[in-house]
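Remarks on the overall topology
Below, each chain spelled out in residue letters.
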Amino acid sequence: MKLSVIGCGYLGAVHAAAMASIGHEVVGIDVDESKIASLSQGEAPFFEPGLPEILSDGIASGRLSFTTDMAQADGAEVHFIGVGTPQQKDGYAADMTYVNAAIDALIPHLQPGDIVAGKSTVPVGTAAGLAERLASTGATLVWNPEFLREGFAVKDTVDPDRLVAGVPLGDEGARAADILREVYHPAVAKGTPFIVTDYATAELVKVAANAFLATKISFINAMAEIAEVTGADVTQLADAIGHDARIGRRFLGAGIGFGGGCLPKDIRAFTARAEELGRGESVGFLREVDAINLRRRERAVQLVVDALHGDMFKKNITVLGAAFKPHSDDIRDSPALDVAVRLRGLGAWVTVTDPEALHNAARVHPQLNYVEDRDEALRGADAVIVVTEWDEYRGGLDPEHAAQLVAGRVIVDGRNCLDAAAWRAAGWTYYGMGRP
Ligand code: UDX
């Protein structure tokens, strides 16, 4: 099939390359010329495992191209909208500027029977409004939310755990759903659940899923707060409740909490939208979820301050990690970097290392000291804090070896990812999050 993908950020670039990898002819369109230039050469503008390979394969096969020219969308059967919906600068709601601009630019190039498939995360009710705007073109709007995780984005796109299509009523909707089934043919053929809904349900599925995941993380972080005043161990607690299949152990990792380009902004936009709909109280708990999440960053900072007996002046602190999670160079709303900046604000000398995210971090926070080599970063540290659980810092860092590099054997495990006993045995004072 011939497809266009409008917006070549995280979602769009991965979607375009993944669709080409399953045999479609795809054009990716974006207004950012430098992004298009690098994608056209097969270079991913961000770190995502597996993406460079499918980008260069797609381009070499002739099935994948990138352009800033919207006219290249002419003739595509399905047009995916994958532009960003960031948090507004002066509020919690989603900024819809890019979605509206993409639709405006696309309309002149649509033919009757075309499918416009929205993938951006939008406030519920958006699709119904966009469908009205598209009515005169004869194109059909479907809402097809994306659930990809950074670090696993290629796998999640080609082989998702479910597909959701919000469609209009009647034959038009049934035809649109069939076309989407054809787009995702390998996943559909292997029996991946394909759930056809109305627009509002499809829009809500996305924000509800992210709200649930954020709530699960903040739940265990709230238990960590209780563990801290009772002497309990939240990691054992998570293991024990996680054995209950109804609860499950995943996303019960207590630590400095969630960040990234999705969970924080999506729960805030959901709260804002619910308030607009007169149902603010229904998701009022999400404010608490947000507050718990932010408190954990403060807690991690406090552990470092306490470990150094309140004296941060001229202390060397090494921060292991900057990305919001491992296998990513994304620093959007990164708890890791937030902790580093707060420590610096208290007067410490802060050295940050990360396998992938340093260039992004240095651009936004030039006041921190960035060192690429992990061991070099550890040299002379008075305290070390792990804030992103890269393999190089968990199993990959030997406490005996690290002890030879630092000035003071203080380790704060902001992700509860280290073997506390092994670190203590090597002479370190170990502090976890919600662990005795
Ligand atoms: C998330 C959703 O998982 C994905 O389905 C959606 O499409 C986009 O948002 P992503 O932002 O890539 O994906 O990251 P995710 O793996 O969900 O992690 C989010 C944050 O939660 C990270 O900062 C991570 O460190 C944190 N986290 C995750 C925890 O603090 N504890 C956990 O147990 C799990």
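Computed from a prediction, not measured in an experiment: that's the story for all the values here.

Lining the immediate environment of the ligand, one finds 20 residues, of which F147, L148, E150, G253 and K325 sit closest. Within the backbone of G253, an N or O atom sits 2.8 Å from an oxygen atom of the ligand. At a separation of 2.9 Å, an oxygen atom of the ligand approaches a polar side-chain atom of K325. In isolation the ligand has 670 Å² of accessible area, and contact with the protein removes 90% of it. With four residues, the single largest contributor to the shell around the ligand is helix α9 (residues 199-230). For the shell around the ligand, the two domains that each supply at least three residues are domain 1 (2-197) and domain 2 (205-436).

Below, the discussion takes up the environment of L106. Here L106 is to be found in helix α4 (residues 97-106). You can call L106 buried: its relative accessible area is 0%. Each C-alpha atom, one on L106 and one on S61, is 26 Å from the other, the two residues being 45 residues apart in sequence. Beyond its immediate stretch of four places on either side in the chain, L106 contacts I6, M70, A73, H79, I81 and V116.

Let us now look at unusual backbone geometry. Of note, H327 is a non-glycine position whose phi angle comes to about 65°, a positive value. Within the secondary structure layout, H327 lies in the loop between β9 (316-320) and α13 (335-345). Exposure remark for H327: the relative accessible area of 33% places this residue in the partly exposed category. Even without a glycine there, the phi angle at N416 is positive, about 45°. Within the secondary structure, N416 is located in the loop between β13 (410-413) and α17 (420-425).

For the rest of this paragraph, the subject is the environment of V142. Within the secondary structure, V142 is located in strand β6 (residues 140-143). The class of V142 is buried, set by a relative accessible area of 0%. Linking V142 and A128, residues 14 residues apart in sequence, is a C-alpha distance of 9.8 Å. Aside from chain neighbours lying at most four places away, what touches V142 is I115, V116, A117, G118, G166, V167, A176, L180 and Y199.

As summarised here, the arrangement of the six strands in space is β11-β10-β9-β12-β13-β14, forming an open sheet in which the pairing is parallel. Strands at the two margins of the open sheet, each flanked by one partner only, are β11 (369-370) and β14 (429-431). In the sheet, β9 pairs with strand β12 (residues 383-386) via four bridges, with the strands oriented parallel. Residue T318 lies in a different strand from β12, and its bridge partner there is V384. Seen against the sheet, helix α12 (residues 285-307) touches β9, β12, β13 and β14 and runs at an angle of roughly 165° to β13.

With that out of the way, let us pick up the domain arrangement of the protein. The parts lose accessible area when they come together, and the size of an interface is often stated as this lost area. Split by domain assignment, the protein resolves into domain 1 (2-197) and domain 2 (205-436). The distance between the C-alpha centroids of domain 1 and domain 2 comes to 32 Å. It is F47, Y92 and E150 that lose the most area in domain 1 upon contact with domain 2, and together they represent 37% of the buried surface on that side. Put simply, domain 1 and domain 2 have one salt bridge between them. One can count nine residue pairs in polar contact (both at pLDDT 80 or more) joining domain 1 with domain 2. Of the residues that constitute the side of domain 1 that touches domain 2, the class distribution is 13 nonpolar, five polar and four charged.

Here we take up the packing of aromatic side chains. The tally for this structure, following the rule as stated, stands at three aromatic pairs. Judged by centre distance (4.2 Å) and plane angle (20°), the ring pair of Y10 and F46 falls under stacked. Placement of the pair is Y10 in helix α1 (residues 10-21) and F46 in the loop between α2 (33-40) and α3 (51-61), with a sequence separation of 36 residues. Y10 gets classed as buried once you look at its relative accessible area, which sits at 14%. With a centroid separation of 4.9 Å and 70° between ring planes, the pair formed by W423 and W428 is classed as edge-to-face. Like W423, the residue W428 is buried in the burial classification. A cation over a ring is seen here: R162 above F147, with NZ or CZ 3.6 Å from the ring centre.

What counts and how
- Residues numbered from 1 in each chain as written.
- Predicted model: local features only at pLDDT ≥ 70, side-chain atom pairs only at ≥ 80, totals over all residues.
- Heavy atoms only, no water.
- Near = heavy atom within 4 Å.
- Polar contact = N/O pair within 3.5 Å; in protein donor to acceptor, adjacent residues only side chain to side chain.
- Areas by Shrake-Rupley, 256 points an atom, 1.4 Å probe, with all protein chains shown as cover.
- Helix = DSSP H or I, 4+ residues; strand = E, 2+ residues; numbered from the N terminus.
- Domains from an automatic or database assignment.
- Buried < 20%, exposed > 50% of the residue type's maximum accessible area, 1.4 Å probe, protein only.
- Contact = heavy atoms within 4.5 Å.
- Pairing = 2+ DSSP bridges.
- Axes fitted to C-alpha atoms, helices over the stretch in contact; angles between N-to-C directions.
- Buried area = accessible area lost by both parts, 1.4 Å probe.
- Salt bridge = Lys/Arg side-chain N within 4 Å of Asp/Glu carboxyl O.
- Nonpolar A, V, L, I, M, F, W, Y, C, P; charged D, E, K, R; others polar.
- Phe/Tyr/Trp six-rings, centres within 6.5 Å; stacked < 30°, edge-to-face > 60°.
- Lys NZ or Arg CZ within 6 Å of the ring centre and 35° of its normal.

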